[in-house]
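In case you want the letters, here they are:
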Amino acid sequence: MEAFVAEFGEKLSRAEVQWLQNLYRFTDKNLLSISEVPDITCRELSRRIFQCLCRICHHSSNPSCHRDKTGFLLPLSYRFISIGELSQQKTQCCSCLAWSTSQFKEWTRCVEGIPADYKAVNRTNLLLCGILTDKICIPPSMSETATQQHDGHLYFKDKNDFLHCEVTKLDLSWLEHLVLFPRWSYIPQTKTVGKLDGVKTGYLEIPEAPFFLLPNLITSSPRVTGSLSALLPDSALHLLDKQFHSTEVKMNVAGELSRLSSMLHIQGETFFFFFLSSFTTDICLPIVVQVPSKLVWHHCLIPSERYVVTEMFVSSLQSTSNKLFVVSSSSDFHIYNEGFVKEQTLAEFMQASHIKEMSKQALKTTVKEEPSQISLCANWSTQNTIEILDNKESKVCSYQGVISRVLNISAGLYELDGKFGLCIAYQQMINCARGLRPGVRVEMHDAHLYHKKSEHFPSIMLCCCLRSILIVTEFSSLDAEYQPFTTNCNIYINLLFKYNLDLPNYLWLVHIVESLVQRFHVQIFLVKVLQYQNYYPMLKKEVGRLLRCSHCCHPLKLNTW
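Remember, it's a predicted structure, so these values are computed and weren't measured experimentally.

### As for the side chain of Ser-35
Its location among the elements puts Ser-35 in the loop between α2 (14-31) and α3 (42-58). Polar contacts involving the side chain of Ser-35 include one to the main-chain amide nitrogen of Val-37, which spans 3.1 Å. Discounting residues that sit within four places of it in the chain, Ser-35 has contacts with Ile-40, Leu-45, Leu-178 and Leu-214.

Structure representation (structure tokens):
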């Protein structure tokens, strides 16, 4: 440590010496053992962190970045914090190293439609370093063995701990490297609803790109030399029509991302799907991503962007004859560039893949896939919970807005822009709706728009189904509580699927349950014998009785109880 501090000369003040010593201790305790360079010394890594901070402070408008006698820029008022220490925080906080006070106030200014009683999130002077990863982080209290290495979520970790992480736009080059985030927010979960044993439920919101602590060691992903041959959707569609079915023949497909589903977890499998559409026609190709290491694509793909997806094969959903394209373990995606992509005809593809030499019988023969690759649920795309929304009372649309209130988190109901409703009950949210708080700016695609008068909810409702995508484009700057949306012991979701309710009847159900809870609030909250696990079956039984009588039953009939 003394040698590290001595590098900066003898003119350092006592505060500067202490700050540099704390940097060295933090590096040794939390970062050294997880560095991508195994043989790097603590002194060298501490120097790299210092240089990274100097780069940030040099372009910063933050007066807290102090220039010492030697000319170095030091954020003396900022201290390093470990993830374990941060996860003990009970209140929300954010850190904006490069921002001035005026920039922070501009970010936290009141948004139209947001209730005035919300305050800005508390700003703290904390520095957070670690590794951003999509690999499963296993807490020490759980088993050290895992069936897969990826689950579609992002984590931020140091040597001893980890936190779930949400980003607005992810670059795959950020993963598995030591980074420092110049701006972040920590959102704790204060309530115990939906917590998992041994897993911390607070999470980080990351709105900006990180700074690499070891930038000279970052190697960009290998580029394809020359042009990349790819089928367009108009040609690739014929492979589905001809019942072509082989995991051995791989193909590249170029198109515009017209639809992106949410991340789904069904029958033990995590996956998502998207559609690449033609540049000139209405043809769309269905593509499913189930390879665990490729689930992270969900954080990168942007609707309406043009892509080239490589090394895919054709297969079918289990127990169905519906064909689709499947992403393989060797697949990748690139931004479409006319000078980079060579459009390939179907005849050229078949000739290049030597399919012409195969017999017609072999072409139609189904090649047995590996269970780990194709084991999708047979009816995931035809559930009644999707089709039930496709009626004359709704139409599909896209929308951008700000969540202004949480109407009923257990029912998956929010308010948008102070005047519209948002329902996510039909959409599986395997991340427990992290990021969906008042003040957050969201973007929806393929959402169902309902316009129907309601006494208890907004007359205009936007409803997301499994085909819809709900994207956070800007995190909230408000100190608004994070309430997780979970389906565990959720009476609303349980009854929704049991009785196959459409949106109007589901909203009526929510009102019924809310009325019951208000009526029984004394027994529910004051008498121990009627805690949640005890009154849940009773409440479910009584609501079910009403639903069996009539889906149009008026709430006033509760007076007969």
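From this point, things continue past the structure.
### Quick notes on the nonpolar core
Judged by nonpolar contacts, the single largest core of 54 residues is most densely connected at Trp-184, Leu-204, Phe-274 and Phe-325. For this core, the element with the highest residue contribution is strand β15 (residues 246-260), accounting for five residues. Discounting chain neighbours no more than four positions away, the residues touching Phe-274 are Leu-257, Arg-259, Leu-260, Leu-285, Pro-286, Ile-287, Val-289, Leu-301 and Val-309.

### Re the packing of aromatic side chains
Using the criterion set out here, one finds 17 aromatic pairs in the structure. Aromatic pair Tyr-307 and Phe-333: ring centres 5.7 Å apart, planes at 80 degrees, arrangement edge-to-face. In this pair, Tyr-307 sits in strand β19 (residues 306-316) while Phe-333 sits in strand β21 (residues 333-335), placing the two residues 26 residues apart along the sequence. Judged by relative accessible area, Tyr-307 falls into the buried class, the value being 2%. Taking the centre distance of 5.7 Å and the plane angle of 90 degrees together, the rings of Tyr-399 and Phe-420 count as edge-to-face. Of this pair, Tyr-399 sits in strand β23 (residues 394-408) while Phe-420 is found in strand β25 (residues 420-423), placing the two residues 21 residues apart along the sequence. Taken together, the ring pairs connect Phe-4, Phe-8, Tyr-24 and Phe-50 into an aromatic cluster. The ring centre of Phe-275 lies 5.2 Å from the NZ or CZ of Arg-259, which sits over that ring.

### Some details on the pairing of strand β4 (residues 93-96)
Here β4 shows two buried faces, one formed by Cys-93 and Ser-95 and the other by Cys-94 and Cys-96. Two elements, β4 and strand β5 (residues 122-123), share two bridges in a ladder whose sense is parallel. Directly across from Cys-94, in β5, lies its bridge partner Arg-123. One ladder, built from four bridges, connects β4 with strand β11 (residues 183-187); its direction is antiparallel. For Cys-94, the partnering residue across the bridge sits in β11 and is Ser-185.

### With respect to the environment of Ser-278
The residue Ser-278 is located in the loop between β17 (269-277) and β18 (284-289) in this model. We classify Ser-278 as buried; its relative accessible area is 7%. Along the chain, Ser-278 and Ser-235 lie 43 residues apart, while their C-alpha atoms are 9.6 Å from each other. A polar contact of 2.7 Å, which involves the side chain of Ser-278, links it to the side chain of Asp-234. One polar contact links the side chain of Ser-278 to the main-chain amide nitrogen of Thr-280, over a distance of 3.2 Å.

### Digging into the pattern of salt bridges
In total, this model carries 12 salt bridges according to the counting rule given. Where Glu-7 meets Arg-47, a salt bridge forms, and the shortest distance between an N and an O atom there is 2.6 Å. You can see Glu-7 sitting in the loop between α1 (2-6) and α2 and its partner Arg-47 sitting in helix α3, a full 40 residues away along the chain. Relative accessible area serves as the criterion here: at 32%, Glu-7 is assigned to the partly exposed category. Here the residues in one salt-bridge network are Glu-7, Arg-43, Glu-44, Arg-47 and Arg-48, joined through shared partners.

### Re unusual backbone geometry
A positive phi is found at Glu-176, a non-glycine position, where the angle reads about 65 degrees. Here Glu-176 lies in the loop between β9 (162-167) and β10 (178-180).

### A few points about the packing of helix α10 (residues 491-498) against helix α11 (residues 503-519)
Taken N-terminus to C-terminus, the directions of α10 and α11 make an angle of 140 degrees; their axes are 11 Å apart at the nearest point. When the axes of α10 and α11 are compared, the pair comes out oblique. Classified by chirality, the crossing of α11 by α10 is right-handed. Contacts between α10 and α11 involve Ile-491, Tyr-492, Ile-493, Leu-495 and Leu-496 on the former and, on the latter, Tyr-506, Leu-509, Val-510, Val-513 and Glu-514.

### Comments concerning the sheet that holds β4
The pairing of strands in a sheet happens through backbone hydrogen bonds and is either parallel or antiparallel. An order of β5-β4-β11-β12-β9-β8-β7-β10-β13 is seen for the nine strands of this open sheet, with the pairing classed as mixed. Sheet topology places β5 and β13 (211-212) at the edges, where each strand pairs with a single neighbour. Where strand β7 (residues 129-135) meets strand β8 (residues 150-157), four bridges bridge the pair, whose relative direction is antiparallel. Bridging across to β8, Lys-135 finds its partner in His-150.

Cut-offs and rules
Residues numbered from 1 in each chain as written. Predicted model: local features only at pLDDT ≥ 70, side-chain atom pairs only at ≥ 80, totals over all residues. Heavy atoms only, no water. Helix = DSSP H or I, 4+ residues; strand = E, 2+ residues; numbered from the N terminus. Polar contact = N/O pair within 3.5 Å; in protein donor to acceptor, adjacent residues only side chain to side chain. Contact = heavy atoms within 4.5 Å. Core = buried A, V, L, I, M, F, W, Y, C linked by side-chain atoms within 4.5 Å. Buried < 20%, exposed > 50% of the residue type's maximum accessible area, 1.4 Å probe, protein only. Phe/Tyr/Trp six-rings, centres within 6.5 Å; stacked < 30°, edge-to-face > 60°. Lys NZ or Arg CZ within 6 Å of the ring centre and 35° of its normal. Pairing = 2+ DSSP bridges. Salt bridge = Lys/Arg side-chain N within 4 Å of Asp/Glu carboxyl O. Axes fitted to C-alpha atoms, helices over the stretch in contact; angles between N-to-C directions. Parallel < 35°, antiparallel > 145°, perpendicular 65-115°, else oblique. Left-handed = near helix turned anticlockwise from the far one by under 90°.

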